[in-house]
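# Per-entry structural report
Here's the letter readout for the chains.
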Amino acid sequence: MVRFPSGLGSLTAAAALLLSYSSPWGADAYTLDPNSRDSIKSVAKNMADDMLTFYDGDKPGGTPGLLPQPYYWWEAGAMLGALIDYWYYTADSSYNDLITEGLLFQVGENDDYMPRNQTLTEGNDDQGFWGLAVMSAAENNFPNPPPDKPQWLGLAQAVFNTQAARWDTEHCAGGLRWQIFHWNKGFDYKNSISQACFFALGARLAVYTGNSSYADWAEKTWDWMINVKFIDEYWRVFDGAHIGTNCTNIVPYQFSYNAGGMILGAAAMYNFTEDRKWKDRLDKLLEGSKVFFTGPESNIMTEVACEPVDRCNLDQQSFKAYLSRWLAAITKWAPHTYGVVLPYLKASAVAAAKQCVGGSNGRMCGLKWNQDKYDGTTGIGQQMAAMEVTLSCMIKDRAGPVTAHTGGTSKGKPGAGGDDIGRQHPKGPNYGPITAGDKAGAAILTLFVMIGMMIGMFWIFLDESSNQSPLEQVKGAGGAAATSIAALAAAGGAAAIIQRSRGAEPGINEKKGTVVSMTDGRGQRSGIDENNKTLDMTTIKIGKVRTRERGPQPRRVSSMPLGWPHNPNLRSNSAAGVSRDELVSSRQGDRPSPSGSDTFPSLSTVSADHGTPRK
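None of these values were measured; they are calculated from a predicted model.

## Details of the overall build of the chain
In terms of helices and strands, the chain carries 18 helices and 7 strands. For the chain, the exposed area adds up to about 31800 Å²; of that, 56% sits on carbon and sulfur atoms.

Right under this line is the structure:
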């Protein structure tokens, strides 16, 4: 809590602070002192509370570990990771039960964060964020789950194992695809964030366990990123590329979390190997990440690919949370970076706090920290980013991450995730064997369906205007059908006799075997029209179409007035003067124009991929 000096000054300070926290009239919601633990804790507490107003997983009827629509599954894992950071920095355990419940509820059937109900949206990066969250829990000695539940370290190992088996050498000579399952949009795309999560997770597992196999995979991932030029010679980290071009047509957007993930992994690898090449790589990535800091002094964190053009989607609104989190974390594995990153984090934290003036409570945080005017946006991403960058100001006072050899208590499971190793197809429901009762039930249902269809067909063909009862109609149906068939045969036979008498040869449709045209002896075609004339000459009385007074009359085939459209007396004035082209146009109506090609470059398309189904 914030402490005030005694006396009258304390009342003034308290009143000013309360106004700064709750004023909805344009004043700063928070006046953050980035060098004061009390100020940081107080502001971060309110930011965390406001973030959780978007979460209902801990409420009656809610699902633990899920955010409401339109947020995707992965961001819930990222949010729980942010709350672990909140506990790590503040030692406030208010949210610990919520964190544990959410992390354990979403582990899936095989305890590897591949729940069956997320197969339509889950990508490798989505799974990776859950893996990074439980890795933080292990590194920070977050309270362990009950012994009969999966443990934090084992869950992180399960995520890593399932992803290592998906390493795809068939396309682009390596790398992880964006999506896990074939039908999800983006399965043909290899993106940097999937590699960054896998790279950072492997490096951190190597540090925690001391097992160099994880570091080998991290090195392999780094080399692939360099070879495919997702990290270029200027140490810019680009978004990714499609496998159709062998990953050569790179999408050049720079998002902060791509760079942040690679920076995090490089720092952990430097800590594990103590190899100077990793220090060099880390320092160059940090230099390249300065592109994400703008403002008058170029020190305010900005999502440069979308903020300046107001195109940040729900996913992208949270990206600065991860860059803030990971820049603070590297100072423990590579202490020489502290003096480099902390000035940027503190300046960004003060700027972020000034943006927290929105919402009904007057303190919800916006996205654009590099401007004085509130941008009018609110959301989980904005709250998470503001809270993370605020907490990062205290990193110097916090202990570094533990390992299995320096006090870590989380239990590992090196073979975890075995049932999902490399899986790219979801498993179906676990149905038991078919029993005799199942077969009997299926037979009864089939019988009911057939009876229902027969009753429906009878009802459709029932003549409601007939004087006969339904039963009499059924009895007479057979005779009527036979009579109709005989009449059609007789008519067809008569037509054939007439045509044969004229010397015509039938033309046969080879597919159907039906008469489609006939040619007389003079080489002229006499087809269906003459058959119709033959039938029309036969005296058949049907209602009033053929009258007794005037003899057989030809059946009219149109309900339009006689003479239409050539009789001018029957044409309306509105039709006069209409050209043939106009008439054709009016009949055709408006037709949709062909759609354009589905291209990637626009940010709106990138945003859709992260949903629409996000990932």
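Next comes the rest of the write-up.
## Focus on the nonpolar core
The biggest cluster of nonpolar side chains holds 135 residues, and the ones touching the most others in it are Leu103 and Tyr322. In terms of residues, this core owes the most to one element, helix 3 (residues 73-90), which gives 13 residues.

## Some points on the packing of aromatic side chains
Under the criterion given, the structure shown has 29 aromatic pairs. Through a chain of ring-to-ring contacts, three or more aromatic side chains come together here, namely Trp74, Phe129, Tyr253, Phe255, Tyr257, Phe319, Tyr322 and Trp326. The ring centre of Trp278 lies 4.5 Å from the NZ or CZ of Arg281, which sits over that ring. Note that Lys320 overlies the ring of Trp369, its terminal NZ or CZ placed 3.9 Å from the centroid.

## Some words on the pattern of salt bridges
Here the structure, examined in full by the defined rule, presents 19 salt bridges. As a salt-bridge pair, Asp232 and Arg236 come within 2.6 Å of each other at their nearest N and O atoms. Overall, Arg236 belongs to the partly exposed group, its relative accessible area being 32%. Lys368 is paired through a salt bridge with Asp310; the nearest N and O atoms lie 2.3 Å apart. Of this pair, Lys368 sits in the loop between helix 12 (338-354) and helix 13 (380-391) while Asp310 sits in the loop between strand 5 (300-301) and helix 11 (319-333), placing them 58 residues apart in sequence.

## A short note on the UniProt feature "transmembrane region" (unreviewed entry) in the chain
Mapped onto this numbering, the UniProt entry annotates "transmembrane region" (unreviewed entry) at residues 255-272, 440-462 and 477-498. Secondary structure within residues 255-272 divides into 94% helix and 0% strand; the distance between the first and last C-alpha atoms comes to 27 Å.

## Quick word on unusual backbone geometry
Cis geometry is adopted by the peptide bond preceding Pro70, which originates at Gln69 and carries an omega value of 5 degrees. Along the chain, Pro70 falls in the loop between helix 2 (37-51) and helix 3. Positive phi outside glycine occurs at Lys229, with the angle close to 70 degrees. If you trace the backbone, Lys229 turns up in the loop between helix 8 (212-227) and strand 2 (240-242). With relative accessibility at 54%, the residue Lys229 sits in the exposed group. Although it is not a glycine, Glu274 sits at a positive phi angle of roughly 55 degrees. For Glu274, the location among the structural elements is in the loop between helix 9 (256-273) and helix 10 (276-288). Glu274 gets classed as exposed once you look at its relative accessible area, which sits at 68%.

## Quick word on helix 3
A rise of 1.5 Å per residue sets the reference length of helix 3, with its 18 residues, at 26 Å; its end C-alpha atoms lie 26 Å apart and thus fit the reference within 8%. Burial analysis of helix 3 places 18 of its 18 residues in the buried class, the great majority of the element. Remark: Ala91 follows helix 3 within two positions and exhibits a positive phi of approximately 65 degrees.

## Section: the sheet that holds strand 3 (residues 250-251)
What links the strands of a sheet is backbone hydrogen bonding, and the strands pair in either a parallel or an antiparallel sense. Strand order in the open sheet made by the 3 strands is 1-2-3, with antiparallel pairing throughout. Lying at the two open borders of the sheet, with one neighbouring strand each, are strand 1 (189-191) and strand 3. Note that strand 1 and strand 2 share 3 bridges and pair antiparallel. The residue bridging Tyr189 from the neighbouring strand is His242, located in strand 2.

## A word on helix 5 (residues 124-139)
Its 16 residues give helix 5 an end-to-end C-alpha distance of 22 Å, which sits within 8% of 22 Å, the value for a rise of 1.5 Å per residue. The buried fraction of helix 5 is high, at 16 of 16 residues. Positive phi appears at Asn141, one or two residues downstream of helix 5, with a value of about 55 degrees.

## Describing the state of the cysteines
Evaluation of the coordinates by the stated rule reveals 3 disulfides. What pairs with Cys306 in a disulfide is Cys312, and their sulfur atoms sit 1.9 Å apart. Linking Cys306 and Cys312, the disulfide has an S-S dihedral of approximately 85 degrees and is accordingly described as right-handed. Residue classification places Cys312 among the buried positions, given a relative accessible area of 14%. Across a sulfur-sulfur distance of 2.0 Å, Cys356 and Cys365 are joined as a disulfide pair.

## Observations regarding the side chain of Arg325
With respect to the helices, strands and loops of the structure, Arg325 is situated in helix 11. One polar contact links the side chain of Arg325 to the main-chain carbonyl oxygen of Ala78, over a distance of 3.1 Å. Among the polar contacts listed, one links the side chain of Arg325 to the side chain of Asp85, at a separation of 3.2 Å. Aside from chain neighbours lying at most four places away, what touches Arg325 is Ala78, Gly81, Ala82, Asp85, Met384 and Glu388.

## Concerning the packing of helix 2 against helix 3
The contact between helix 2 and helix 3 brings their axes to 11 Å, and the two run at 155 degrees. Considering their axes alone, helix 2 and helix 3 lie roughly antiparallel with respect to each other. As helix 2 runs across helix 3, the sense of the crossing is left-handed. Facing helix 2, whose interface residues are Lys41, Ala44, Lys45, Ala48 and Met51, helix 3 presents Met79, Leu83, Tyr86, Tyr89 and Thr90.

## Observations concerning the environment of Glu122
Within the secondary structure, Glu122 sits in the loop between helix 4 (96-105) and helix 5. Along the primary structure Glu122 and Tyr72 are separated by 50 residues, whereas in three dimensions their C-alpha atoms are 8.9 Å apart. Look past the residues within four positions of Glu122 in its chain and what remains in contact with it is Trp73, Tyr113, Met114, Pro115, Gln127, Gln179, Ile180, Phe181 and Asn184.

## Quick word on the packing of helix 2 against helix 13
Running from N to C, helix 2 and helix 13 point in directions that differ by 160 degrees, and their axes come no closer than 9 Å. One element, helix 2, and the other, helix 13, form an angle in the roughly antiparallel class. The two elements helix 2 and helix 13 meet at a crossing, and its hand is left-handed. Taking contact as the criterion, the partners of Ile40, Val43, Ala44, Met47, Ala48, Asp50 and Met51 in helix 2 are, on helix 13, Ile380, Gln383, Met384, Ala386, Met387, Thr390 and Leu391. Of the residues in the contact of helix 2 with helix 13, the class split is 11 nonpolar, 2 polar and 1 charged.

Criteria and thresholds
Position labels on residues start from 1 in each chain and follow its written sequence. Restriction of local features to residues with pLDDT of at least 70 applies here, the model being predicted, together with a cutoff of 80 or more for giving and counting side-chain atom pairs; totals for whole chains, interfaces and linings are based on all residues. The basis for the side-chain values is all heavy atoms of the structure; hydrogens and waters are excluded. Helix and strand definitions follow DSSP, with helices as H or I runs of at least four residues and strands as E runs of at least two, each counted in order from the N terminus. To measure how exposed things are, a 1.4 Å probe is used in the Shrake-Rupley method; for residues, cover is taken only from the protein chains shown. The term nonpolar core refers to a set of buried residues drawn from Ala, Val, Leu, Ile, Met, Phe, Trp, Tyr and Cys, joined through side-chain atoms within 4.5 Å. With a 1.4 Å probe rolled over the protein chains alone, any residue whose accessible area is under 20% of its type maximum counts as buried; one over 50% counts as exposed, and the rest are partly exposed. Here is the rule: rings of Phe, Tyr and Trp (six-membered ring for Trp) pair when centre to centre is within 6.5 Å. Planes less than 30 degrees apart are stacked, more than 60 are edge-to-face, and the remainder are tilted. Only Lys NZ and Arg CZ are tested; either one counts as a charge over a ring when it is within 6 Å of the ring centre and within 35 degrees of the ring normal. Salt bridge, as used here, is a side-chain nitrogen of Lys or Arg placed within 4 Å of a carboxyl oxygen of Asp or Glu. UniProt positions are given in the numbering used here, feature names are shortened, and annotations may be inferred rather than shown by experiment. In this analysis, the expected span of each helix is defined as 1.5 Å times one less than the number of residues it contains. Each pair of strands is called paired provided DSSP finds at least two bridges between the two strands. Defined by distance alone, a disulfide is two cysteine sulfur atoms within 2.5 Å. Side-chain atoms alone can form a polar contact between residues adjacent in sequence; in general such a contact is a pair of N or O atoms within 3.5 Å, and within protein one must be able to donate a hydrogen while the other accepts it. We call two residues in contact when some of their heavy atoms are within 4.5 Å. Axis lines are fitted through C-alpha atoms, for helices just across the contact stretch, and the angle between N-to-C directions can take any value from 0 to 180 degrees. Under this scheme an angle from 65 to 115 degrees is roughly perpendicular, one under 35 degrees roughly parallel, and one over 145 degrees roughly antiparallel; angles in between are oblique. If you view the pair so one helix is near and one far, a crossing is left-handed when the near helix is turned anticlockwise from the far one by less than a right angle, and right-handed when it is turned clockwise. Any residue that is not Ala, Val, Leu, Ile, Met, Phe, Trp, Tyr, Cys, Pro, Asp, Glu, Lys or Arg is counted as polar, Gly included; the first ten are nonpolar and the last four charged.

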